[in-house]
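# Fold and geometry: a report
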Amino acid sequence: MALLDLAVMWAKGAGRPLLAITVDHGLNPDSAEWSRRCEAAARAVGATWIERRWHGDKPKTGLPAAARRARHALIADAAREAGARVVLFAHTADDIAESDWMRDRGATLGRLRDWSPSPAWPEGRGLMLLRPLLEERRESLRAGLRAAGRDWIEDPGNAGFGRGAARRALSLLPVGEGGSRSETDEGRASPGTHDPHPFAPERRQAVVRSSPLPLGEGIEVDRSIRLPDLAAVLVCVSGGEAPTRGDRLQRLAERLNAGDHFTATLAGARVEAIGENVIIGREAGELRRHPVPDIALQPGEPEVWDGRYEITAHEPGWSVTAALGRLNALSGADRTIVNTAPSWARAALPVLIRDGRDAPVLAWRAAEVRALAPRRLSLALGETTQESDLAGTIHGETPPPDLF
């Protein structure tokens, strides 16, 4: 409610439309009434309002995490439909303290930052989250609402699960403790330590040493890459939903830092370390072990394939699939283009098949193709610092013109 008032004032001054999104998780019998109150509050201050609902069966375990994933995906889809690139969230200093308390006790929550990529993938591609209230205490915002004669809804669900325990524990601390932001709060782990969240806020130094390889396949990195940066590269090039963690990631980083020469796979990605060169890309063999479903493309409607490419066909009848097992069926011209990519990456490229025919064509030939890994990595490493940067192009999103 406090964020709504602040956002309305900013939007009016900036001449920008404001959309308020309410997610009904379907977990409380009063949720429909809450949505009506949210709608009334948004429309009363001149904002547009929409509702998104989390349909389907709810898990019996891990409900908060599942609800969080669903919420972010629903919000991201709504934002993309509205043409928005930035979503505002009202997290406070208290939320930071609660998340830290939970993380210290084994939770895998990410760190709250004032400017960060959407955690939903692929729904949140190209979408940033802005949290302008992270320096504020929850009670100070409530005091401001009371002074303005405004009310709010207390979700009883907050009393349960880990977040409720964190709030109860932190409420016992003296005022001023547990809500401040420190170097640790913001995720600035020292080199060599394991940052629980790979998308830490500071700009990464010397992580990506060159532009993505032709056709957007593969990222070159330094051997001195930090653990959280390595996790970010792996998830971006493999198209996965969440960064990998654990001992295997730690061992991979240690081998890179030690200067070992090797080829390894992890989390759907291939790591080739020869000399000073380290190339990380999609592991094509993973597509054989865990095939990616073909997607029928509707003209003008972008579809994300393998979490790595956004493909928009302009004619009916096309489906996208992997080049795995189809490279020899490509035309000579297409094979010439494919050969500009590293040999290990070629089978993981997207090709199109029309009306069920076996003759594939390289996706760039018959559709608009955006390689998502370079842009996703740019967002993850903090290289995109403002809204205007989100509209820019990243090398590797489309192939170099001379290829076609």
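To keep things clear, this report deals only with the structure shown in the data block. Position numbers for residues count from 1 along each chain, tracking the sequence in the order it is written. Only residues with pLDDT of at least 70 are given local features in this predicted model, and only at 80 or more are side-chain atom pairs given and counted; all residues enter the totals for whole chains, interfaces and linings. Note: side-chain values were computed over all heavy atoms of the structure, leaving out hydrogens and water.

## Remarks on the overall build of the protein chain
We count it as follows: What counts as a helix is a DSSP run of H or I of at least four residues, what counts as a strand is a run of E of at least two, and both are numbered from the N terminus. Residues are treated as being in contact if the distance between any of their heavy atoms lies within 4.5 Å. Surface accessibility in these figures is a Shrake-Rupley result with a 1.4 Å probe; residues are shielded only by whichever protein chains are displayed.
Of the regular secondary structure elements, the protein chain holds twelve helices and 16 strands. Of the contacts made within the protein chain by residues no fewer than 6 positions apart, 64% connect residues no fewer than 24 positions apart. Surface exposure of the protein chain reaches about 19,900 Å², of which carbon and sulfur atoms provide 51%.

## Observations regarding the side chain of R131
Counted only if it meets this: Each residue is placed in one exposure class: buried if its accessible area under a 1.4 Å probe, protein chains only, is under 20% of its type's maximum, exposed if it is over 50%, and partly exposed if it falls in between. Working convention for charge: Lys and Arg count positive, Asp and Glu count negative, and His plus the chain ends are omitted. The rule for a salt bridge is simple: a side-chain nitrogen of Lys or Arg has to be within 4 Å of a carboxyl oxygen of Asp or Glu. Under this definition, polar contacts are N or O atom pairs within 3.5 Å; protein pairs additionally need one hydrogen-donor-capable and one acceptor-capable atom, and for neighbouring residues in sequence, both atoms have to be side-chain atoms.
Among the structural elements, R131 can be located in the loop between β5 (128-130) and α5 (138-147). Despite its burial, R131 pairs with no opposite charge; the closest candidate is D114, at 7.4 Å N-O. At 2.9 Å, the side chain of R131 forms a polar contact with the backbone oxygen of R113. If we ignore the near neighbours within four places in the chain, the residues touching R131 are F89, H91, L112, R113, D114 and S116.

## Examining the sheet that holds strand β8 (residues 269-274)
Rule in force here: When DSSP finds at least two bridges between two strands, those strands are taken to pair. For helices, the fitted line uses only the C-alpha atoms of the stretch in contact; every axis is such a line through C-alpha atoms, and the angle between N-to-C directions lies from 0 to 180 degrees.
The four strands are arranged β6-β9-β8-β7 in an open sheet whose pairing can be described as antiparallel. With one partner strand each, in any of the chains shown, β6 (219-221) and β7 (262-266) form the two edges of the open sheet. The average undirected angle you get between the axes of adjacent strands in this sheet is 20°. Sheet topology note: the β8/strand β9 (residues 277-282) ladder contains six bridges and is antiparallel. Along β9, the bridge assignment pairs A269 with R282. The sheet contacts of helix α8 (residues 247-258) involve β7, β8 and β9, and relative to β7 the element is tilted by about 160°.

## Looking at the environment of A82
Mapped onto the elements of the fold, A82 is located in helix α3 (residues 63-82). Look at A82 and you get partly exposed, because its relative accessible area is 49%. As a C-alpha pair, A82 and L19 span 63 residues in sequence and 8.2 Å in three-dimensional space.

## A word on the pattern of salt bridges
Opposite charge on two side chains allows them to pair when their charged atoms are near. Applying the stated criterion across every chain, the model contains 25 salt bridges. The partner of E272 in a salt bridge is R270, and the shortest N-O contact between them spans 3.3 Å. A salt bridge links D334 to R365, with the nearest nitrogen and oxygen atoms 2.7 Å apart. Highlighted residues: D334 in helix α10 (residues 332-338) and R365 in helix α11 (residues 363-366), separated in sequence by 31 residues. For D334, a relative accessible area of 3% corresponds to the buried category. Each of R80, R125, E310 and R370 takes part in a single network of salt bridges with overlapping partners.

## With respect to the packing of helix α7 (residues 227-238) against α8
Our working rule: To sort the angles, those under 35 degrees are grouped as roughly parallel, those over 145 as roughly antiparallel, those from 65 to 115 as roughly perpendicular, and the leftovers as oblique.
Two elements in contact, α7 and α8, have axes separated by 10 Å at closest approach and are oriented at 105°. Put simply, α7 runs roughly perpendicular to α8. On α8, the residues that touch L227, L230, A231 and L234 of α7 are L249, Q250, L252, A253 and L256.

## Re the nonpolar core
For clarity, the threshold we go by: Within this scheme, the nonpolar core is defined by two criteria: the residues are buried Ala, Val, Leu, Ile, Met, Phe, Trp, Tyr or Cys, and they are joined through side-chain atoms within 4.5 Å.
Within the largest apolar cluster, 28 residues are counted, with the highest numbers of intra-cluster contacts made by L297, Y309 and I311. Of all elements in the fold, only α9 (284-289), β12 (309-313), β13 (318-322), α10, β14 (350-354), α11 and β16 (367-371) reach the threshold of two or more residues within this core. If near-sequence neighbours (up to four positions away) are discounted, L297 is found in contact with E303, I311, A313, W318, S319, V320 and L352. L249, F262, L266 and I280 belong to the second largest nonpolar core, which has 26 residues in total.

## A look at the pairing of β16
Going residue by residue along β16, you find A367, V369 and A371 tucked away on one face and E368 and R370 left uncovered on the opposite face. By the bridge criterion, five bridges tie β12 to β16 in an arrangement that is antiparallel. Its bridge partner lying in β16, Y309 is registered against A371.

## Some details on the packing of α7 against helix α12 (residues 372-380)
As a reminder, the rule being used: Two helices crossing with the near one rotated counterclockwise from the far one by less than a right angle form a left-handed crossing, whereas a clockwise rotation gives a right-handed crossing.
Where α7 contacts α12, the axes come no closer than 8 Å and their chain directions differ by 155°. On the basis of their axis angle, the class for α7 and α12 is roughly antiparallel. Both α7 and α12 take part in a crossing whose hand is right-handed. Contacts between α7 and α12 involve A232, V233, V235, C236 and V237 on the former and, on the latter, A373, R376, L377 and A380.

Function cannot be inferred from these measures alone, as they are strictly geometric.
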